[in-house]
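Close look at the chain arrangement
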Amino acid sequence: MSATYALVSLPLSGFDSGNEADALSSLRATVADATLVPYPVPGFRIGTLDALVQHADDLAKLDSACRGMVQKSADSLRSLFPDSPDKVAQQQTVNDKPTDQYLRNFSWNKVRYRAERPIGELIDVLQKELATIDNDVKSKFNQYNSVKSNLTNLQRKQNGNLATKSLTPVVNPSILVQDSEYLETHLIAVPNNLKKDFLKTYESIAPMVVPRSAYEVAQDDEFILFAVTTFKKHSTDFQHKCRENKWTPRQYKHVQGGREEEQRELQKVGEEERKVWGEALRLSRTGWSESVMIWAHVMALRVFVETVLRYGLPAEFVSAMVLTNSKQVKKVKTALDSTYSYLGGNAFGRDKKGRITKDDAALSSDMAAAGLAGGEGHEYTAYVYYEFELP
């Protein structure tokens, strides 16, 4: 059952004591079936109402981009460990800590993202960091997929059936007509069930096929490889007729030392694949760690911006994270709705009794006129609420 996280923000004015500790206690009692931890959000530079509304839109888009990048990092790890979900989970750490532990103990990185900077600048920094991670992971996985595809093709040539595999270790060059001005040997992979038809008709499907020249070179579970000699001027016609009869002409040219060269190339590409796999793993781990960390900071900004837009100034609120699961989250949400529904009609800076305070009355009026609701892509709630899951 997947872990589900929900960020909640409530105005301190909605509690009788106006105390953050009491507000957290009230929240814990409300979501008694889940775990609740503080989610500290710094006090940012607020700026103008128009700027806040724009920030809310930008953060909603960045939130979506973060979700996509976290999912992409998870998919990358799964592609590296396709049959080992436990190993995938071991790689999903943030700053070398389990992801859940990082989120439970989230604190704003004041060194990396100075809270006194304008919110717009912080959004730009986070956006650029996310784009860099995305490009790095995408570039490395393009390289890895290319090398892996090359290795798969080489392995198929070694281990496939006679219609696809390399013929270098199969064909003895002595069976081929070589250095002839007029004659040419063709290698044809014939399905086992078509052997009789082939032997009966190959001499007549095209002009100037050398009679009784069919020679069985090799056989596997699916195909028989025959060598057939024709005159060169009718080679194209003979190959075309073979394809019509569902016999597969194989291209082959004897090269001295070709078998050894193929083995060297297979070993070289195998070593490169292992090297790039390790690099892809390192970048996928980094991609997960960085994208989750960026996402956590984006969510903190979303909570702050939406809180100010909802509840007005001064920005006095309590923010917390609810940790639950996909089965229980609906029950948690119902409990929150029931307890804090009173905020629905006075979300713009009013106290519990519905009175707009003098200091934030004008701002609350402007926000109400702007028609702000629960944030882009979110169902409206009477309180600030963002729900998310990690893949």
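Residues numbered from 1 in each chain as written. Predicted model: local features only at pLDDT ≥ 70, side-chain atom pairs only at ≥ 80, totals over all residues. Heavy atoms only, no water.

The name given to the protein chain in an unreviewed UniProt entry is V-type proton ATPase subunit C, with the source organism recorded as Microdochium bolleyi. Under Sequence similarities (unreviewed entry), UniProt gives the following word-for-word description of the protein chain: "Belongs to the V-ATPase C subunit family." Listed under Subunit (unreviewed entry) in UniProt, the entry text for the protein chain is "V-ATPase is a heteromultimeric enzyme composed of a peripheral catalytic V1 complex (components A to H) attached to an integral membrane V0 proton pore complex." (UniProt positions renumbered as here; feature names shortened; annotations may be inferred.)

The next subject is unusual backbone geometry. Residue Pro314 is reached from Leu313 by a cis peptide bond, and omega for that bond is 0°. Position of Pro314 relative to the elements: it lies in the loop between α8 (258–311) and β9 (317–325). The residue Asp96 is not glycine, and still its phi comes out positive at about 65°. Looking at where Asp96 falls in the secondary structure, it is placed in the loop between β3 (93–94) and β4 (97–98). For Asp179, which is not a glycine, the phi torsion comes out positive at approximately 60°. Checked against the element boundaries, Asp179 lands in the loop between α5 (119–159) and β5 (183–191). Given the relative accessible area of 83%, Asp179 is considered exposed. (Helix = DSSP H or I, 4+ residues; strand = E, 2+ residues; numbered from the N terminus. Buried < 20%, exposed > 50% of the residue type's maximum accessible area, 1.4 Å probe, protein only.)

The next subject is the sheet that holds strand β10 (residues 384–389). If you walk across this open sheet you meet the 4 strands as β2-β9-β1-β10, and the pairing is antiparallel. Each having just a single partner strand, β2 (35–38) and β10 make up the two edges of the open sheet. Each strand axis lies, on average, 20° off the axis of its neighbour in the sheet, ignoring direction. Summarising the sheet, strand β1 (residues 3–11) and β9 pair through 9 bridges and their orientation is antiparallel. Following the sheet pairing, Pro11 is matched in β9 by Phe317. (Pairing = 2+ DSSP bridges. Axes fitted to C-alpha atoms, helices over the stretch in contact; angles between N-to-C directions.)

Turning to the environment of Asp136, a few remarks are in order. Inspection of the secondary structure puts Asp136 in helix α5. Look at Asp136 and you get partly exposed, because its relative accessible area is 39%. Here the alpha-carbon distance between Asp136 and Ser284, two residues 148 residues apart in the chain, equals 9.3 Å.

Here we take up the confidence of the model for the protein chain. Close reading of the predicted structure is inappropriate where its pLDDT is low. Within the protein chain, residue pLDDT values average 88, and 90% of them lie at 70 or more. The model gives residues 346–377 a pLDDT under 50, and that stretch makes 58 contacts with residues more than four places away or in other chains. (pLDDT = per-residue confidence, 0-100. Contact = heavy atoms within 4.5 Å.)

At a minimum axis separation of 10 Å, helix α2 (residues 49–80) and α5 run at an interaxial angle of 25°. Of the possible angle classes, the one that applies to α2 and α5 is roughly parallel. Seen along the crossing, α2 lies across α5 with a hand that is left-handed. Of the residues in α5, those touching α2 at Leu52, His55, Asp58, Leu59, Leu62, Ala65, Cys66, Met69, Lys72, Ser76, Ser79 and Leu80 are Ile119, Gly120, Ile123, Leu126, Gln127, Leu130, Ile133, Asp134, Val137, Lys138, Phe141 and Tyr144. (Parallel < 35°, antiparallel > 145°, perpendicular 65-115°, else oblique. Left-handed = near helix turned anticlockwise from the far one by under 90°.)

Quick look at the pattern of salt bridges now. In the structure shown here, the tally under the stated rule is 17 salt bridges. With a shortest N-O distance of 2.6 Å, Asp63 and Arg302 are connected by a salt bridge. Here Asp63 is found in helix α2, whereas its partner Arg302 is found in helix α8, with 239 residues between them in sequence. Across the salt bridge formed by Arg104 and Asp100, the nearest N and O atoms sit 2.5 Å from each other. One end of the pair is Arg104 and the other is Asp100, both in helix α4 (residues 99–104) and 4 residues apart, which spans about a single turn. Look at Asp100 and you get partly exposed, because its relative accessible area is 28%. (Salt bridge = Lys/Arg side-chain N within 4 Å of Asp/Glu carboxyl O.)

Right, let's get into the environment of Arg112. Within the element layout of this structure, Arg112 appears in the loop between α4 and α5. You can call Arg112 partly exposed: its relative accessible area is 32%. Counting along the chain gives 13 residues from Arg112 to Val125, while the straight-line C-alpha distance between them is 9.6 Å. Ignoring any residue separated from it by four or fewer positions in sequence, one finds Arg112 in contact with Glu129, Glu290 and Met293. A distance of 2.6 Å separates polar atoms of two side chains, one belonging to Arg112 and the other to Glu290. (Polar contact = N/O pair within 3.5 Å; in protein donor to acceptor, adjacent residues only side chain to side chain.)

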